[in-house]
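Structure assessment
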Amino acid sequence: MRLPGNSLRNPHAFRTRLLVVVRESLSRQFDVIAAGPNFNKEITVQFLASAVISSFEWWISNSMPYPASVMAEQIWALLDRTMISLPLSNQNSGSVI
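Residues numbered from 1 in each chain as written. Predicted model: local features only at pLDDT ≥ 70, side-chain atom pairs only at ≥ 80, totals over all residues. Heavy atoms only, no water.

This part is about the nonpolar core. Of all hydrophobic cores here, the largest spans 14 residues; its most connected members are Val22, Leu26, Leu48, Ala49, Val52, Ile75 and Leu79. Counting only elements with at least two residues in this core, the list comes to helix 1 (11–33), helix 2 (41–61) and helix 3 (68–85). Element by element, the count of residues in this core is highest for helix 2, at six residues. Setting aside residues no more than four positions away along its own chain, Ile75 makes contact with Val52, Ser55 and Phe56. (Core = buried A, V, L, I, M, F, W, Y, C linked by side-chain atoms within 4.5 Å. Buried < 20%, exposed > 50% of the residue type's maximum accessible area, 1.4 Å probe, protein only. Helix = DSSP H or I, 4+ residues; strand = E, 2+ residues; numbered from the N terminus. Contact = heavy atoms within 4.5 Å.)

In this section: the layout of surface pockets. There is about 220 Å³ of room inside the largest pocket. Lining the largest pocket we find Leu18, Val21, Val22, Ser25, Leu26, Gln29, Val52, Phe56, Ala72, Ile75, Trp76 and Leu79. Those elements that place two or more of their residues in the lining of the largest pocket are helix 1, helix 2 and helix 3. If you tally residues by element for the lining of the largest pocket, the top one is helix 1, at six residues. (1 Å grid on protein atoms, 1.4 Å probe; cavity = no way out; pocket = protein on both sides within 12 Å on 5 of 7 lines; lining within 4 Å. Points joined across faces, edges and corners; volume = space filled by probe spheres on them.)

Read these as spatial facts, not as claims about activity.
Set out below in structure tokens:
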């Protein structure tokens, strides 16, 4: 997804647009894992998206102390771990596994 040109000159606009993109992606992932009834999709997606964006901001603000590949691997691992640990609903009984 292409970010508007003025987003590069306005950090707030860039952050806002990036947050929308990350939220959309996480929302699709949330649908795939069919998280159980104990987790509100909107709250979970917002929480995870904010964590990702804050991690990028920290990385840039601290002169990128780790290679981009390390940041990407770490963030994906944390997201995988978080999304996997969400309880999956049992389609047969409707209970949380």
